[in-house]
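Listed here are the chains, written in short residue letters.
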Amino acid sequence: MCGFLAEYTFSAPVTPPNTFQTLLALSKHRGPDATHTIQNNGVQLGFNRLAILDTSPKGNQPKKSPSNRYHVVFNGELYNYKDLAETHGLTNLASTSDTEVLMHLLDKLGVETTIKTLNGMFAIVIIDTKTDLCYLTRDFAGIKPLFFGKSVSGLVAASQFNQVYKHPWHSNHLKLKPASVKAYFALGYMQAPDTVYKDIFQVKPGELICINRQGDINKKQQSHFSKNQQDTSQNQPLSSVLKNVVSKQLVSDVPIATFLSGGIDSPLIGAYAKQQKNAIEAFTLQVADAKLNESDIAKAYAKHLHIKQHIVSVSPEDLMSEIEAHFLVFSEPFGDYSSIPTYVISKKAQINHTVMLSGDGGDELFFGYPRMLDILQKRWWFKLPYTVRKPLAALTNKLGITQTWAPYFKSFNAFVFNKHAKLPKAVLDKAFKNVKYSCTLNHLYKFKNNKKTELLHQLRYNEFYAHLQRVLIKVDRASMANSLEVRVPFLDKNVIEWAWKTSRVVKTKKDLKKDLKQLLANEVPEHLINQKKMGFSVPLNHWLHTQLKTDVIKTVFHTNFYGDAIINVAALRDYVQDFYDNKHDNAWGVWHIYAWQKWWLAHGVKK
């Protein structure tokens, strides 16, 4: 797990070493163990290493393939690297790292074939010195970040957004992209391939991009999980697949542990990890608010599984004290406030561990969100014309037969989008007049309201390529800020493919995540299994009305508003004022507005 910076020039020389080093240092927290750079023929590569496999200098990067044809910086982990070395008869490996296997494969198979064989989490920049081409690629689930910017001078690619927008090829020419800014205020993150700036992008999950010296860009989707249902028979039970995945992800030359919540996903990962690594330890967050605290359930899990558990007990004051530091580690605008406890527990876990396993991805792959059930139950309204369902809903609501706003949405797509958006459509449309969302976002929220099983799979596709990306951003930035690698067993290629080939019937809350509940029931008594979804959270509404109120007022109302040239700022300020006037209680939407300003102020973006 690391941080890197790469330059590939078109018409200008690479930046001076001191400038390059300053930008590379922005990601030093991602890799504090070693820093190296190379420069050659219009290419400059820099790498900050967090040593996980083969911690000796032999694992340092940037790295060259044995033939010297390929020059690479690689962030992530390849869980099938030993299998690949055996399958392809790789010999004379100079180190025991997964990067070493990657370099040999490039020489033997070439870029495209090599990338297709990889199973792991990764962001990679490859320079082919023979063809003089630059390649960018990212893992199929989007676990690891990869940003890039294209200018007349060349291409710059990096692990962090600020390494690109602060680069001299871009810093004086930044232009906000209205559609992407609107999407941020709605959803709280930047959806790949876009960022909030024109000419700066993200590599999409599973994408391979090739760039030549003329600036021509060729994109290929190397790995993509279909939006169409693919229900087929399974060759292996899920338990076998998941146990094998956990086994491979426990490989580490540094201390490894696991997060343990009171839910379903991380306890299952913890149970399988314990079976294969008896000394595995677990970290659980304990908060003072009884409505948000899962630690008692997690303690019961740990006791039954005989896992040594570390309780990270934090008070509201502890969390509050980390908010400013937490904004500094998100170099992109980000509006998920659960990033605060994620940052705090990562900080505690890193004291004695370098690698953690998490349960992220289980909800998205195995139908864990109640909103999916709600959508299925209300889908029938959208079989009726809008002119019929709206007055019908008004009548049935008045009579107490129903209690729903769903029929008031003009389309089924808009109804689903609203489940994810944290600011109302009316406010967003007023703040961004005549601004439409990108084609990518529209595609993600486009559904065929036909068969239930087909719709359920479309919802899974949406959760995977949309909401999950926000979750992964949160975990990556919060953990890597503390030099902590987080591995995600549910997002192994084999688990994803198993889930993707399996359709399920979801009629009640008991059906949500049924596959995983059944597996966990084999490991712990069923009465211990928590049926209520809680997750990492904080008492945001209370904070905004108390400890944070002064700073929110100052930041939103009494500070220049970033992007005021494309945003109707009054619409957003009015919404915040309405919150404090008790006209609504949408704390999360207010946080999106506040977090936008805090990002701008924390990272010194030029206005």
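Residues numbered from 1 in each chain as written. Predicted model: local features only at pLDDT ≥ 70, side-chain atom pairs only at ≥ 80, totals over all residues. Heavy atoms only, no water.

(A) Structural context of the overall build of the protein. When helices and strands are counted, the protein shows 25 helices and 17 strands. At 24 Å, the protein has a C-alpha radius of gyration in line with the 25 Å of a compact globule built from 607 residues. Its C-alpha atoms put the protein at 75 × 60 × 50 Å along the principal axes. Counting over 607 residues, the protein shows a buried share of 61%. (Helix = DSSP H or I, 4+ residues; strand = E, 2+ residues; numbered from the N terminus. Rg over C-alpha atoms; globule rule 2.2 N^0.38 Å. Buried < 20%, exposed > 50% of the residue type's maximum accessible area, 1.4 Å probe, protein only.)

(B) Structural detail: a nonpolar patch on the surface. Nonpolar side chains collect at one region of the surface, where Leu392, Leu395, Leu399 and Ile401 lie side by side and expose about 390 Å² of accessible area between them. Among the secondary structure elements, Leu392 is positioned in helix α15 (residues 386–398). The class for Leu392 is partly exposed, based on a relative accessible area of 31%. (Patch = residues over 30% accessible without salt bridge, like charges linked within 9 Å, V, L, I, M, F, W, Y side chains within 5 Å. Areas by Shrake-Rupley, 256 points an atom, 1.4 Å probe, with all protein chains shown as cover. Salt bridge = Lys/Arg side-chain N within 4 Å of Asp/Glu carboxyl O.)

(C) Examining the sheet that holds strand β13 (residues 256–259) more closely. Read from one edge of the open sheet, five strands run β15-β14-β13-β16-β17, paired in parallel fashion. For this open sheet the edge positions go to β15 (308–314) and β17 (485–487), each flanked by a neighbour on one side alone. Within the sheet, the average angular offset between the axes of one strand and its neighbour, ignoring direction, is 30 degrees. One ladder, built from two bridges, connects β13 with strand β14 (residues 281–287); its direction is parallel. (Pairing = 2+ DSSP bridges. Axes fitted to C-alpha atoms, helices over the stretch in contact; angles between N-to-C directions.)

(D) Spotlight on helix α16 (residues 412–420). Along α16, the positions that sit buried rather than exposed are Phe412, Phe415, Val416, Phe417 and His420. Buried residues along α16 sit in contact with α6 (178–187), α14 (370–378), α18 (439–444) and α19 (452–480). (Contact = heavy atoms within 4.5 Å.)

(E) Geometry of the sheet that holds strand β5 (residues 70–78). Strands sit in the order β4-β5-β6-β7-β11-β12 across an open sheet of six strands; the sheet is antiparallel. This sheet does not close on itself; its edge strands, each paired only once, are β4 (63–64) and β12 (217–221). By the bridge criterion, nine bridges tie β5 to strand β6 (residues 120–128) in an arrangement that is antiparallel. Residue pairing across strands places Val72 opposite Ile126, the latter belonging to β6. Here helix α3 (residues 98–109) sits on the sheet and contacts β4, β5 and β6; the angle it forms with β5, its principal contact strand, is near 135 degrees.

(F) Broad picture of unusual backbone geometry. Residue Pro62 follows Gln61 across a cis peptide bond; omega there is 0 degrees. If you trace the backbone, Pro62 turns up in the loop between β3 (43–49) and β4. With omega at 10 degrees, the peptide bond leading from Ala192 into Pro193 counts as cis. Considering the arrangement of structural elements, one finds Pro193 in the loop between α6 and β10 (200–202).

(G) Expanded view of the packing of helix α23 (residues 549–557) against helix α25 (residues 587–603). The interhelical angle for the contact between α23 and α25, taken along N-to-C directions, is 70 degrees, at an axis separation of 9 Å. Between α23 and α25, the angle falls in the class roughly perpendicular. Seen from α23, the contacting residues are Asp551, Val552, Thr555 and Val556; seen from α25, they are Ile593, Tyr594, Gln597, Lys598 and Leu601. By residue class, the composition of the contact of α23 with α25 is five nonpolar, two polar and two charged. (Parallel < 35°, antiparallel > 145°, perpendicular 65-115°, else oblique. Nonpolar A, V, L, I, M, F, W, Y, C, P; charged D, E, K, R; others polar.)

(H) Structural view of the state of the cysteines. Evaluated as defined, the whole model comprises zero disulfides. Take Cys2: it sits in no disulfide, and the sulfur closest to it among the cysteines is that of Cys134, at 18 Å. Overall, Cys2 belongs to the buried group, its relative accessible area being 4%. The thiol of Cys210 is not disulfide-bonded; the next cysteine sulfur, from Cys134, is found 8.0 Å away. (Disulfide = S-S within 2.5 Å.)

(I) Focus on the side chain of Lys474. For Lys474, the location among the structural elements is in helix α19. Look at Lys474: it is buried, it has no salt bridge, and the nearest opposite charge is Asp336 at 4.2 Å. Excluding residues that lie within four positions of it along the chain, Lys474 makes contacts with Phe330, Phe334, Asp336, Ser338, Ser339 and Thr342. (Lys, Arg positive; Asp, Glu negative; His and termini not counted.)

(J) Quick look at the layout of surface pockets. Counted as a void, the second largest pocket has a volume near 540 Å³. Surrounding the second largest pocket, 21 residues form its lining, Ala414, Phe417, Lys425, Tyr437 and Asn442 being those nearest its centre. Mapped onto the lining of the second largest pocket, the elements with two or more residues apiece are α16, α17 (425–431) and α18. Examining the composition of the lining of the second largest pocket, we find that four residues originate from one element, α16, more than from any other. Considered class by class, the residues forming the lining of the second largest pocket number eleven nonpolar, four polar and six charged. (1 Å grid on protein atoms, 1.4 Å probe; cavity = no way out; pocket = protein on both sides within 12 Å on 5 of 7 lines; lining within 4 Å. Points joined across faces, edges and corners; volume = space filled by probe spheres on them.)

(K) Expanded view of the pattern of salt bridges. Under the defined criterion, the tally for this structure stands at 27 salt bridges. Two residues, Asp476 and Lys144, come together in a salt bridge whose shortest N-O distance is 2.3 Å. Taken together, the residues span a long stretch of sequence, with Asp476 in helix α19 and Lys144 in the loop between β7 (133–138) and β8 (147–150) at a distance of 332 residues. Judged by relative accessible area, which is 3%, Lys144 ranks as buried. Here Glu485 and Arg487 are joined by a salt bridge, their closest N and O atoms 2.6 Å apart. Of the two residues, Glu485 and Arg487, both sit in the buried class.

(L) Quick peek at the side chain of His167. As for its position among the elements, His167 is in the loop between α5 (161–165) and α6. Note on His167: relative accessible area 0%, which makes it buried.

(M) Local environment of the environment of Gly362. Mapped onto the elements, Gly362 comes out in helix α13 (residues 362–365). Counting along the chain gives 134 residues from Gly362 to Ile496, while the straight-line C-alpha distance between them is 9.7 Å.

(N) Structural context of the packing of α16 against α19. Running from amino to carboxyl end, α16 crosses α19 at an angle of 45 degrees, the nearest separation of the two axes being 12 Å. Taken as axis vectors, α16 and α19 run oblique relative to one another. Crossing hand, α16 versus α19: right-handed. Contacts between α16 and α19 involve Phe412, Val416 and His420 on the former and, on the latter, Leu455, Leu459, Asn462, Glu463 and His467. (Left-handed = near helix turned anticlockwise from the far one by under 90°.)

(O) Structural detail: the packing of aromatic side chains. Under the definition given, this model contains 39 aromatic pairs. For the pair Phe185 and Trp596, a centre-to-centre distance of 5.2 Å together with 45 degrees between the ring planes defines the contact as tilted. Placement of Phe185 in helix α6 and of Trp596 in helix α25 is noted, with a sequence separation of 411 residues between them. Here Phe185 and Trp596 have matching classes, each one buried. Residues Phe382 and Phe412 carry aromatic rings whose centres are separated by 5.4 Å and whose planes lie at 70 degrees to one another, so their mutual orientation is edge-to-face. Placement of Phe382 in the loop between α14 and α15 and of Phe412 in helix α16 is noted, with a sequence separation of 30 residues between them. Taken as a pair, Phe382 and Phe412 share a single burial class, namely buried. Sitting above the plane of the Phe201 ring, Lys219 keeps its charged end 6.0 Å from the centroid. (Phe/Tyr/Trp six-rings, centres within 6.5 Å; stacked < 30°, edge-to-face > 60°. Lys NZ or Arg CZ within 6 Å of the ring centre and 35° of its normal.)

Shape is all these values report; function is a separate question.
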